[in-house]
Amino acid sequence: MSENEVSTFALQQTIKKLEQENKTLKDSIKQVQRDRVEYLQNVSHQLIAPLNAIKWHIENITDQRIGIERAKKVLRSIYSQATLAVHLAKNFNLMSNLEADHTLHALKEPLKEVDLYRLLINLANDFQPLAWDKQIDIGVNENHFDKFPPVLAMKPLISQAFSNIIENAVKYSDKGTEIVIEGKYQQESDSFVVSFRNRGIPISPEDESKIFNREFRTAEAKRMYPAGTGFGLYITKRILEIHESSIVATTRDRWTVFMVTLTVKGLKGKARIRG
């Protein structure tokens, strides 16, 4: 084979390789576009559902024949659906920021003292109307929280992290059960732990770590809520990582516990412990 033929053959091979890479790139772009369309469809569906419910309830409450007790129930439903819509919008905003900046740098703000007990009480009250629709009570156990010093955290972010856990518990709890939120100090690790316990759809051992992966949803969760995004727990884990903290989940006999460990590095000195 002449030198010219060798050069031609090498050029042909290079062209074939570039053509294949170009095809692979086009296929990747098409997949990204399909994923984006699916994501937008999910976002739209997730937001439209509570907004339609609010619209329907407002139409219902304007009926002059409605009684006082019925009106109270309708207003409670409007509040719960509005809470859900705001919660979803915050998640989608956080997800968009994570797409652009994995550290959420644009949303970071100075650390401020946060009373965990009061924060969790407020969040439980926010989600209680939504839980009542499934006859579920959300309780915050005051024991041990009085030993917590104020946490140094970015309140809007840590609030959203806890909101995602509570909303997840409400969504997948069995009807007529209870969601219990507790806190305790772990002396051996010098850290504080907040646990969220509910009874409902179990998480298999092989899925316990996967549920914090982006867009991952268990088969049972998909069956119950086909349009879910799988972003909530992923966002929660990222927010906690930014606070140098962590989260794990375990299920035993349909009881699921999400355990958040807050490192002392993000806490005030123990001299400020109350009581």
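The structure presented is a predicted model; accordingly, all values stated were derived computationally and were not measured. (Residues numbered from 1 in each chain as written. Predicted model: local features only at pLDDT ≥ 70, side-chain atom pairs only at ≥ 80, totals over all residues. Heavy atoms only, no water.)

Student: Quick one: what's the story with the side chain of T256, residue by residue and with numbers?
Tutor: Topologically, T256 is positioned in strand β7 (residues 255–263). Side-chain polar atoms of T256 contact the side chain of T251, separated by 2.8 Å. (Helix = DSSP H or I, 4+ residues; strand = E, 2+ residues; numbered from the N terminus. Polar contact = N/O pair within 3.5 Å; in protein donor to acceptor, adjacent residues only side chain to side chain.)

Student: Break down the confidence of the model for the protein for me, citing the residues and quoting the values.
Tutor: Of the residues in the protein, 85% have a pLDDT of 70 or more, and the chain-wide mean is 82. Within the protein, no element has a lower average pLDDT than helix α1 (residues 3–61), which sits at 75, and none a higher one than strand β2 (residues 137–140), at 95. For residues 266–275, every residue scores under 50 in pLDDT, and the model assigns this stretch 23 contacts once sequence neighbours within four places are set aside. (pLDDT = per-residue confidence, 0-100. Contact = heavy atoms within 4.5 Å.)

Student: Lay out unusual backbone geometry in plain terms, naming residues and giving numbers.
Tutor: The phi dihedral of E244 is positive, around 55°, even though this residue is not glycine. Along the chain, the position of E244 falls in the loop between α6 (232–242) and β6 (246–252). The residue R254 is not glycine, and still its phi comes out positive at about 70°.

Student: So what about the pattern of salt bridges? Which residues, and what values?
Tutor: Here the structure, examined in full by the defined rule, presents eight salt bridges. Residue E59 pairs with K55 through a salt bridge whose shortest N-O separation is 2.8 Å. With E59 and K55 both in helix α1, this residue pair falls four residues apart, about one helical turn. Using a relative accessible area of 44% as the deciding quantity, one classes E59 as partly exposed. Since its relative accessible area comes to 48%, K55 is described here as partly exposed. (Salt bridge = Lys/Arg side-chain N within 4 Å of Asp/Glu carboxyl O. Buried < 20%, exposed > 50% of the residue type's maximum accessible area, 1.4 Å probe, protein only.)

Student: How would you summarise the pairing of β7 if you had to cite specific residues and measurements?
Tutor: The pairing of strand β5 (residues 191–199) with β7 spans nine bridges and is antiparallel. Counterpart to N198 in the pairing with β7 is T256. The sheet contact formed by β6 and β7 spans seven bridges and is antiparallel. Looking at the pairing, R252 lines up with W255 of β7. Counted along the chain from β6 to the antiparallel partner β7, the turn is two residues long, and its residue D253 has a positive phi close to 55°. (Pairing = 2+ DSSP bridges.)

Student: Pulling in residues and values, what's your account of the pairing of strand β4 (residues 178–186)?
Tutor: Remember that side chains alternate between the two faces of the sheet whenever the strand is regular. One ladder, built from four bridges, connects β2 with β4; its direction is parallel. By the bridge assignment for β4, I138 is matched with I179. Note: β4 against β5, seven bridges, orientation antiparallel. Within β5, the position partnered with I181 by the bridge is F196. Remark: four residues form the turn of the hairpin made by β4 and β5, two consecutive strands paired antiparallel; D190 in that turn has positive phi of roughly 55°.

Student: Give a description of the environment of I48 that names residues and reports values.
Tutor: If you trace the backbone, I48 turns up in helix α1. Residue class for I48 comes out partly exposed when judged on its relative accessible area of 45%. Residues I48 and A85, spaced 37 residues apart in sequence, show a C-alpha to C-alpha distance of 8.6 Å.

Student: For the nonpolar core, give the residues involved together with the corresponding values.
Tutor: Counting residues in hydrophobic clusters, the biggest one holds 41 residues, and the most contacted among them are I138, F162, V194, F196 and F258. Among the elements that line this core, the one with the most residues is helix α3 (residues 116–132), at nine residues. Setting aside residues up to four positions removed in sequence, F258 forms contacts with I165, N168, V194, S195, F196, I203, I211, F212, L233, I247, V248 and A249. Of all hydrophobic cores here, the second largest spans 12 residues; its members include M154, L157, F231 and I235. (Core = buried A, V, L, I, M, F, W, Y, C linked by side-chain atoms within 4.5 Å.)

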